[in-house]
Amino acid sequence: MLVTQLIRPVARAIDWIPLAVTGMLAVVMASVIEAGSPLGVGTAFTLLRMMGVMLGAAAGFAVIDEMTASTGAVPVSRRLRQWLRCGFGGLAAGLFWGIACAVAVARLPAGGELKVAGMAVEAAVCIAVGLLAASVAGRVHQGRAAALAGMGGLLAIVSVSLVLRGPYWPWLYPEEENWEIVHRGWLAVLPPLLAALSWAGRDLR
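Here the structure is a predicted model, which is why all the values come from computation and not from measurement. Sequence positions are assigned chain by chain, starting from 1 and proceeding in written order. With the structure being a predicted model, the display of local features is reserved for residues of pLDDT at least 70 and the display and counting of side-chain atom pairs for 80 or more, all residues being used for whole-chain, interface and lining totals. For the side-chain quantities, the full set of heavy atoms in the structure was used; hydrogens and water were omitted.

We now examine the nonpolar core. Throughout this description, the term nonpolar core refers to a set of buried Ala, Val, Leu, Ile, Met, Phe, Trp, Tyr and Cys residues connected via side-chain atoms within 4.5 Å. Exposure classes here rest on a 1.4 Å probe applied to the protein chains alone. A residue is buried below 20% of its type maximum, exposed above 50%, and partly exposed in between. Core analysis: the largest hydrophobic core is formed by 49 residues, its most contacted members being Leu48, Trp97, Leu114, Met119, Val125, Leu131 and Trp171. Secondary-structure elements contributing two or more residues to this core are helix H2 (17–32), helix H3 (41–59), helix H5 (78–106), helix H6 (116–137), helix H7 (144–163) and helix H8 (179–200). Elements are defined by DSSP. Helices are runs of H or I of four residues or more, strands are runs of E of two residues or more, and each kind is numbered from the N terminus. If you tally residues by element for this core, the top one is H6, at 11 residues. One finds Val10, Ile14, Ala62 and Leu84 within the second-largest nonpolar core, a separate group that totals five residues.

Attention shifts here to unusual backbone geometry. Within the chain, glutamate 34 stands out as a residue other than glycine whose phi angle is a positive 55 degrees. Here glutamate 34 is to be found in the loop between H2 and H3.

Confidence of the predictor at the level of single residues is given by pLDDT, which spans 0 to 100. With 89% of its residues at a pLDDT of 70 or more, the protein shows a mean pLDDT of 86. Contacts are assigned to residue pairs with any non-hydrogen atoms lying within 4.5 Å of each other. Counting contacts from residues 68–75, a segment whose pLDDT is below 50, to residues more than four positions away or on other chains yields four contacts.

Spanning 16 residues, H2 covers 22 Å between terminal C-alpha atoms, matching the ideal 22 Å at 1.5 Å per step. Three or more residues of H2 are buried, namely Pro18, Leu19, Thr22, Gly23, Ala26, Val27 and Ala30. Take H2 and look down its axis: the buried residues cluster within an arc of 155 degrees, on one side only. Opposite the packed face of H2, turned more than 90 degrees from it, sit the exposed residues Ile17 and Val21. Where H2 terminates, the next one or two residues include glutamate 34, which has phi positive at roughly 55 degrees. An expected span of 1.5 Å times one less than the residue number is assigned to each helix. Working definition: the arc comes from the directions between the helix axis and the C-beta atoms, pointing outward to the latter.

Before going further, it helps to spend a moment on the pattern of salt bridges. Every case where a carboxyl oxygen of Asp or Glu lies within 4 Å of a side-chain nitrogen of Lys or Arg is listed as a salt bridge. Considering all chains together, one arrives at two salt bridges under this definition. Between arginine 144 and aspartate 15 there is a salt bridge, and its shortest N-O distance comes to 2.5 Å. Here the residue arginine 144 occupies a position in helix H7, and aspartate 15 occupies one in the loop between helix H1 (2–13) and H2, the gap between them amounting to 129 residues. Relative accessible area serves as the criterion here: at 45%, arginine 144 is assigned to the partly exposed category. For glutamate 122, the salt bridge is made with arginine 49, and the minimal N-O distance between the two is 2.8 Å. Remark: arginine 49 occurs in helix H3 and glutamate 122 occurs in helix H6; sequence separation between them is 73 residues. Per residue, the accessibility class of glutamate 122 equals that of arginine 49, and both read buried.

Spelled out as structure tokens, the structure:
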């Protein structure tokens, strides 16, 4: 099957360094911040939110497609290659975030609790936006310039969302009453993002 034949060459062609460095940083920070004492709930919450954005930016490097020479003799669509790249990047970023989250939860004081489900949705959206921004940029720029442009796009979106305020601010804190409503909104954003990723990865020919 063509997909299975492509898994290994696509995985080898991906620039894993940004994701690996960012992912390890997330795990290390979750492990060493406030070392020697329980990790404060507020600290863990802020750290995991920040790492969701950072891993989203790093995931964008996975969509850089420089394997034309290795697939030029095979009728492989750009969309298929991009979906594999996005899948690898998204899964790796999600895995690193999950490990950092598990470490943070294990270090919480007795009675401490994080709203992991809502935070995981936030991270998933950030990763999807990072992949989408890099995919769109990849239609204009080449190589790492596309990933850097995608990173800039993600950070611009996050910056604008941080400035916006109101009862349905995207970055509410768990104790605020609209937390559940806002995170239904986060979840609702995921399907359109995946549809946009499919559009961004379409063949130009």
